[in-house]
Amino acid sequence: MDESFPRQHARTRRFTLGAPRSFGVSPDGRRVVYLRSAAGDDPRTSLWCLDLDGGGERLVVDGTTVGGGAETAEERARRERVRESASGVVGYSLDRDARRAAFVVGGAAFVAELDGSGAHPVALPTPEVFDARLDPAGRRLAWCASGALWVAELGGDGRVVDGSARRLAADDDPAVRWGQAEFVAAEEMGRRDGYWWAPDGRGLLAARVDDGPVPTVWIADPAHPRQPPAAHRYPLAGSADADVSLWWIDLDGGGPREVTWDRERFPYLPALRWPPGGDGRPLLLVEQRDHRTVQVLAARPEDGTTELLAERHDPAWVAWADGTPDRLADGRLLWSADVDDTRRLTAGDEPLTPAGLQVRAVVAAGETVVFTAWSDPTTVELWRWSPDGLEPLDRDGVVLAAAASGGTVVVGRRGLERPGFDARVIPAEGPAVPLASHVATPAVVPTARLRRAGARSLRAGLVLPTGHRPGRRLPVLLRPYGGPGAQRVLADHHAWLEDQWWADQGFAVVVVDGRGTPGRSPAWERSVHHDVAGPVLEDQVDGLRALAAEEPDLDLGRVGIMGWSFGGYLSALAVLRRPDVFHAAVAGAPVTEWRLYDTYYTERLLGRPDEDPGPYDRTSLLAEAARLERPLMVVHGLADDNVLVAHSLLLSQRLLEAGRPHAVLPLTGITHMASQEEVAENLLALQLRFLADALRAG
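The rules behind the values
- Residues numbered from 1 in each chain as written.
- Predicted model: local features only at pLDDT ≥ 70, side-chain atom pairs only at ≥ 80, totals over all residues.
- Heavy atoms only, no water.
- Salt bridge = Lys/Arg side-chain N within 4 Å of Asp/Glu carboxyl O.
- Helix = DSSP H or I, 4+ residues; strand = E, 2+ residues; numbered from the N terminus.
- Buried < 20%, exposed > 50% of the residue type's maximum accessible area, 1.4 Å probe, protein only.
- Polar contact = N/O pair within 3.5 Å; in protein donor to acceptor, adjacent residues only side chain to side chain.
- Phe/Tyr/Trp six-rings, centres within 6.5 Å; stacked < 30°, edge-to-face > 60°.
- Lys NZ or Arg CZ within 6 Å of the ring centre and 35° of its normal.
- Pairing = 2+ DSSP bridges.
- Axes fitted to C-alpha atoms, helices over the stretch in contact; angles between N-to-C directions.

Asker: Teacher, can you tell me more about the pattern of salt bridges here?
Answerer: A side chain with one charge can pair with a side chain of the opposite charge if their charged atoms come near. All told, the structure shown has 63 salt bridges when counted by the stated rule. Of the charged contacts, one joins Asp243 and Arg263 as a salt bridge, the two residues approaching to 2.6 Å between their closest N and O atoms. Here the residue Asp243 occupies a position in strand S19 (residues 243-250), and Arg263 occupies one in the loop between strand S20 (257-259) and strand S21 (268-273), the gap between them amounting to 20 residues. Given a relative accessible area of 24%, Arg263 falls into the partly exposed group. Glu391 is the salt-bridge partner of Arg384, the closest N and O atoms lying 3.3 Å from each other. Owing to a relative accessible area of 19%, Arg384 belongs among the buried residues under this scheme.

Below is the structure:
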């Protein structure tokens, strides 16, 4: 019997297993390091290496043969923040010359010699090691354990020198952690590091995170009532954030010394980068809590002082390209600025990129700058800037991963017309070298048609059933994310696989990226400031109607909508506010009351509820529950520590109080990502049955 697509989709972790990822390149550009599992259904990831001076790809560490003890709480939290679903070696640290790597599996640290002698466990004096990283010279290993930051000397064989391990920083207060990112940094800012080696290895900068002021929420597992609930520090909108400070630790002696700035005015530290060139000072990106002012500071660790290098203001919020700030080889500050409604790279005050090319992220900076950008929001392109001008490196589809050093560029991409994952190494001289990919072949073949819809030229996609015959009227299913931070309409074969499965069940599937989604322009992203409901929902309606005007087989008398996270919020919002358009909805892990979501994401969009409750009142689903007149299924993982299950339970309570029929599907032991095969497969089947019944779809 052939395997069902839902089971295949879950087993292959959404067809991500088997693809090379997490690239690292040596400074001379001759060695590329990466992770990859052995097959498209093998979740155990291994460490691989490619030397351009000879030989093909070679296995350095077999992820099926390394293991420690049980996964630590810190590692589980990190995996949840980055949505990691694989096992084995899922992250690593390199020394400066890419000759040695370190990684952690199951709370145990390992060091691998990339020249061929393999990996060995590192004997450390602490249990439950977390985030072990090599210094640039590969002679020391730092790690976190039980809230403290440690370091040990490594010998020539990569093993710990006896008696060299020492604790660098620790607090007696259990609410204080050294060297780890706080929740909103890891979940919302994209900063997952909590300590940073100096380029010369003489010391480290470390974050001291005091979670004491942060509210505690309790996450229970009702299916196991004898287990106590787990305490989770979660900064609800309007409440206190973690107190994050930065400290310099000199390994030659002396206790930690604080690096100071106006932390009362700029409490957030979204990014820190320590370029090896320039004047040798680390760059700090600090941000006001209202997100309207951001500064770049240069720190002098030896005396704890900082110097203001640049500042940006915006009446809504300041945004910047990922991977910045940084330094060019000539010492100039590399940052970004929103000019001419374009996110442009800047060197000092000089724009390096033109109007219309929306910069997404800097991959590498030095003599040249390699970066990703959009000239059309359905693509993600790879570009290189040099003093001689701009050069496109990849403009065909969606670049998902890239790395660069020493003139060598590594790129991983997918396109709309062909399945799989294409990864290749582009050396400074000579032909490109492909990297093997073992991604599974999907059981469906997507036929997505990308469109520009309506007066706002909304980027939209339409997927019809395989072999659809014109003249057969189809119920319509919208499957948006629709909100800030993520796109769905991309020239990416992989992105439409699940949509095609839904279409093959008898639906016309519509996906619309409306206002607030990235890729169009800074003004487009900020157009949802103080209102994440009205413009977002309006664009879904406009996109649907525009596509139906082009495709007469779309039956607007039978329209369903489903989504997860922000898409779940949007789906519930749709049937509450526009029952004239939407006839049924499935809302997965929806944010129903924005006061219950985290400070950083929510306050950026809506402000602080204690200062102006209006935007929160206008966008809450709880206040509109009594308006429900269409079938609604709410799905939520009970162990979700991102969108708490309280969101769905409170919505259900309001619906019950108003006498509104609805369905609630609780997922026991499931977090914000449902990757278990049986759960993922049967969840799709239950949602299909619900929507088919509600829309009378055969």
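Asker: I would appreciate a short explanation of the side chain of Arg558 in the present structure.
Answerer: Tracing the chain through its elements places Arg558 in strand S41 (residues 554-564). For Arg558, a relative accessible area of 15% corresponds to the buried category. Within the local environment of Arg558, its side chain forms a polar contact with the backbone oxygen of Arg696, the two atoms lying 3.2 Å apart.

Asker: Sorry if this is basic, but what is going on with the packing of aromatic side chains here?
Answerer: Any two aromatic rings considered together are summarised by their centre-to-centre distance and by the angle between their planes. According to the stated counting rule, one finds 17 aromatic pairs in the structure shown. Pairing Trp594 with Tyr597 gives two aromatic rings, centres 6.1 Å apart and planes at 90°, and the pair type is edge-to-face. Centre to centre, the rings of Tyr597 and Tyr601 are 5.6 Å apart; their planes meet at 90°, and the pair counts as edge-to-face. When sorted by exposure, Tyr597 lands in the same class as Tyr601, which is buried. Each member of the aromatic cluster is reached from another via a ring pair, and the members are Tyr481, Phe566, Tyr569, Trp594, Tyr597 and Tyr601. In this arrangement the basic side chain of Arg36 is found over the ring face of Trp48, its NZ or CZ atom lying 4.2 Å from the centre.

Asker: Any chance you could explain the sheet that holds strand S8 (residues 108-113) here in plain terms?
Answerer: Strand-to-strand pairing in sheets goes through backbone hydrogen bonds, with the strands running parallel or antiparallel. Strand order in the open sheet formed by 4 strands is S6-S7-S8-S9, with antiparallel pairing between adjacent strands. Pairing within the sheet leaves two strands with one partner each, and these edge strands are strand S6 (93-94) and strand S9 (118-121). As paired elements, strand S7 (residues 100-105) and S8 share 6 bridges and run antiparallel to each other. Across the sheet, Phe103 pairs through a bridge with Phe110, a residue of S8.

Asker: What is the right way to look at the sheet that holds strand S11 (residues 140-145) in this model?
Answerer: The 4 strands are arranged S10-S11-S12-S13 in an open sheet whose pairing can be described as antiparallel. On the outer flanks of this sheet lie strand S10 (130-134) and strand S13 (166-169), each paired with one strand and no other. Within this sheet the neighbouring strands show an average axis-to-axis angle of 25°, counted without direction. Relative to strand S12 (residues 148-153), S11 runs antiparallel, the two being bridged by 6 bridges. The residue of S12 that forms the bridge with Cys144 is Leu149.

Asker: How do you make sense of unusual backbone geometry when you look at a structure like this?
Answerer: Most peptide bonds take the trans configuration, and most residues that are not glycine carry a negative phi. Following Thr324, the chain continues to Pro325 via a peptide bond in cis, the omega torsion being 5°. Among the secondary structure elements, Pro325 is positioned in the loop between strand S24 (305-313) and strand S25 (326-327). Unlike most non-glycine residues, Arg13 shows phi in positive territory, near 55°. Tracing the backbone shows Arg13 in the loop between helix H1 (5-11) and strand S1 (21-25). Note on Arg13: relative accessible area 19%, which makes it buried. Positive phi outside glycine occurs at His291, with the angle close to 70°.

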